[in-house]
Amino acid sequence: MTVITIDKDICTGCQECAKVCPVYAIEGNPHEPQKIIEERCVNCGQCVQKCKSYISLVDHGAELYAQKRAERRLPETVTEPLFAAYNVCHLDEVIAALKSSKFTMIMAAPAVRVAIAEEFGMPLGSLTPGKMAAAMRRIGFKRVYDTNWSADLTIMEEGTELVKRVTGGGVLPMFTSCCPAWIKYMEDQHPNLTKHLSTCRSPQQMSGPMYKTYGAQLNKVDPKDIYLVSVMPCTAKQFECSRPEMNSSGQRDVDVAITTRELAYLIKLFGIDFAALPDEEFDLPLGDYTGAATIFGVTGGVMEAALRTGYTLITGKELGPKDVDIQPVRGTEGFRTADIKVGDLTLKVGILTYLKNIDPVIEKLEAGTLDLHFVEVMSCPEGCVSGGGQPKLVLDAYVPEAYKNRREATFVHDKDLPKRKSHENPAIKKTYDEFLKEPCGEKSHHLLHTTYKGSGGHH
Ligand code: SF4
Ligand code: SF4
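Keep in mind it's a predicted model, so treat the numbers as computed, not measured. (Residues numbered from 1 in each chain as written. Chains lettered and ligands numbered in written order. Predicted model: local features only at pLDDT ≥ 70, side-chain atom pairs only at ≥ 80, totals over all residues.)

1. Topic: the overall build of the chain
Each helix and strand counted, the chain has 18 helices and 14 strands in total. Whereas a compact globule of 459 residues would reach a radius of gyration of roughly 23 Å, the chain reaches 21 Å, a difference of no more than 12%. With respect to the three principal axes, the spread of C-alpha positions in the chain is 70 × 50 × 45 Å. Evaluated residue by residue, the chain yields a buried proportion of 51% over its 459 residues. Long-range pairs, those at least 24 residues apart, make up 76% of the contacts in the chain between residues at least 6 apart in sequence. (Helix = DSSP H or I, 4+ residues; strand = E, 2+ residues; numbered from the N terminus. Rg over C-alpha atoms; globule rule 2.2 N^0.38 Å. Buried ≥ 20, exposed ≤ 12 C-beta atoms within 10 Å, placed from the backbone. Contact = placed C-beta atoms within 7 Å.)

2. Points about the pairing of strand β12 (residues 335–342)
Consecutive side chains of a regular strand alternate in pointing toward one face of the sheet and then the other. As judged from the eight bridges shared by β12 and strand β13 (residues 345–353), these two strands associate in the antiparallel manner. For Thr337, the partnering residue across the bridge sits in β13 and is Gly350. Hairpin connection between β12 and β13: a loop of two residues separates the two successive antiparallel strands, and Gly343 in this loop has a positive phi of roughly 60°. (Pairing = 2+ DSSP bridges.)

3. Some details on unusual backbone geometry
Cis geometry is found at the peptide bond from Leu172 to Pro173, where omega equals -10°. Among the structural elements, Pro173 can be located in the loop between α7 (147–168) and β9 (174–175). The residue after Leu284, namely Pro285, is reached through a cis peptide bond having omega -5°. One can find Pro285 in the loop between α12 (260–269) and α13 (291–294). Even without being glycine, Gln15 reaches a positive phi, approximately 65°. The exposure class assigned to Gln15 is partly exposed, which follows from the 17 C-beta atoms found within 10 Å. Unlike most non-glycine residues, His31 shows phi in positive territory, near 65°. In this fold, His31 is placed in the loop between β2 (26–27) and β3 (35–36).

4. Things to note about the environment of Trp182
Mapped onto the fold, Trp182 is located in helix α8 (residues 180–189). Owing to 26 C-beta atoms within 10 Å, Trp182 belongs among the buried residues under this scheme. Taking the C-alpha atoms as reference points, Trp182 and Ala236, separated by 54 residues in sequence, lie 9.6 Å from one another.

5. Some words on the site of ligand 2
Ile4, Cys21, Cys41, Cys44 and Cys47 are the nearest of the 13 residues found near ligand 2. Across the shell around ligand 2, the residue classes break down as ten nonpolar, three polar and no charged. (Near = placed C-beta within 6 Å. Nonpolar A, V, L, I, M, F, W, Y, C, P; charged D, E, K, R; others polar.)

6. Here we look at helix α9 (residues 203–211)
Note that an α-helix has 3.6 residues per turn; residues three or four places apart therefore point the same way. Within α9, nine of the nine residues are buried, leaving the element largely enclosed by the surrounding structure. Among all positions in α9, only Pro203, Gln204, Gln205, Met206, Ser207, Gly208, Pro209, Met210 and Tyr211 are buried.

7. Some details on the domain arrangement of the chain
Taken as a whole, the chain is organised into domain 1 (1–89) and domain 2 (143–448). A C-alpha centroid distance of 28 Å is found between domain 1 and domain 2. Of the residues lining the interface, 18 residues belong to domain 1; the matching set on domain 2 comes to 22 residues. Of the residues forming the side of domain 1 that touches domain 2, the biggest block, three residues, is contributed by helix α2 (residues 46–50). Tallied by class, residues from the side of domain 1 that touches domain 2 come to eleven nonpolar, six polar and one charged. (Domains from an automatic or database assignment.)

8. What about α8?
Counted residue by residue, α8 has seven buried out of ten residues, so it is predominantly covered. Listed as buried for α8 are Pro180, Ala181, Trp182, Ile183, Lys184, Tyr185 and Met186. Looking at the buried residues of α8, the elements they touch are α11 (236–242) and β14 (374–378).

9. A word on the packing of α7 against α9
Orientation of α7 relative to α9, taken along the N-to-C sense of each, is 100°, at an axis distance of 8 Å. In terms of axis orientation, α7 runs roughly perpendicular to α9. Along the contact surface, α7 presents Thr147, Ser150, Ala151, Leu153 and Thr154, while α9 presents Pro203, Gln204, Met206, Ser207 and Met210. Taken together, the residues of the contact of α7 with α9 break down into five nonpolar, five polar and no charged. (Axes fitted to C-alpha atoms, helices over the stretch in contact; angles between N-to-C directions. Parallel < 35°, antiparallel > 145°, perpendicular 65-115°, else oblique.)

10. Brief notes about the pairing of strand β7 (residues 103–108)
A large share of β7 lies buried, amounting to six of its six residues. Of the two faces of β7, both are covered, the one formed by Phe103, Met105 and Met107 as well as the one formed by Thr104, Ile106 and Ala108. Both β7 and strand β10 (residues 226–232) contribute to a ladder of six bridges, which runs parallel. Counted as the bridge partner of Met105 is Leu228 from β10. Taking the sense of rotation as the criterion, the β-α-β connection linking β7, helix α6 (residues 129–139) and strand β8 (residues 143–144) turns out right-handed. (Right-handed = clockwise from strand over helix to strand, strands pointing away.)

11. A few points about the sheet that holds β14
Pairing is mixed across the open sheet formed by four strands, whose spatial order is β9-β14-β13-β12. Here the strands that pair on one side only, and so sit at the sheet edges, are β9 and β12. Judged from the five bridges that link them, β13 and β14 form a sheet pairing that is parallel. Residue pairing for β14: Thr353 is matched across the bridge by Met378.

12. Let's talk about the nonpolar core
The biggest cluster of nonpolar side chains holds 129 residues, and the ones touching the most others in it are Ala85, Met105, Ile106, Val112, Tyr145, Trp182 and Val231. The element best represented in this core is α7, accounting for seven residues. Counting residues domain by domain, this core receives three or more from each of domain 1 (1–89) and domain 2 (143–448). Other than its neighbours up to four places away in sequence, Trp182 contacts Leu355, Val377, Met378 and Ser379. (Core = buried A, V, L, I, M, F, W, Y, C linked by C-beta atoms within 7 Å.)

Next comes the structure, spelled out in structure tokens:
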């Protein structure tokens, strides 16, 4: 499916997008409209964030504007400038589901809650999970759940998988699999190396089958009647949820993925005054989460969350409150490594952010000299807080401040949550007791894990 497009009528050929594209997927002559090579594009949306060439209602007239807005399937309430590089909007499907008799559920990824408020004039990096939950409820979603819940679930599965690989002689290093842009890159460019990817689905794709099986039981609804909307800081998530194999619940696991920007359009469409909303909670149990889940939104966060639980899985002990912050894996450098003592074991870890930095890592992996156990990869410059679906920063000067503030707000949220390790999430414990039984068990294998092109799987 095509996710990202360049409108040739609007593109001036400035080639700024090509400079930020991590996989060199944009081609064309200078000063002529550019084209995206679909087979290379990983749908990261960095070009959408960068592009400055636009048409506006004032400068280009209502007729052309309305035509372009319709091509993008944007609601008619949208009046802001339309840029040359864009992703198609899927809000029409969400609105149809809200009007139908479907049992609608919504969830949002960690990085959405530190950025959505920017669309309503609040400062860069405002932390507003409570307002976001309140807005979703006022729009009329029957359940307001949270992808952070499934980030905790991902850690249980991925941490267990890592320990099994390390202690059982499995393929190492193991790479994280939460970022669909990274996964597409590996499948397209290096199918011979996909055995290094964790078999865990991303949090989005763990929520889908869980909400439509266990969640259907809890809510006493027919899984066929559930319509699940996922709000992501990411444009590649729509590609991910459309993948044919993402139906392990027996239904389409996630019905539609929208971006942070699009959730803001929806909130505005319903005439909700976001800044004035009270803080509300997510619905329990499938909206309960820990600090470990929320740091998935920043580079190094999945690694840190995995280490907090991995420590307990390996040693049987708990990290004390002072040791929960694992500073050596924090930071924003493109590639960083650390040795982490876990009981008698020294775990060698790597964190890569921005796929532009990947080539030397792949070279070492191919040569068998990447001496690491576990590597986190996020395609966007500083992880999901800088994702292609986040509020657009039209002035480049605001970009560093926005990333910094969103990152800091994420760590504030982590610190303030009552529980900061995924295995301490009571809703996750309940899920294993009542439904999944054990991490990486038979049920998890069917619902929460996947295979990749080249890994001997079924694609
Ligand atoms: S899509 Fe935007 S950023 Fe890319 S060349 Fe065209 S105008 Fe420039
Ligand atoms: S979406 Fe990402 S990979 Fe695709 S063309 Fe744009 S910047 Fe490149």
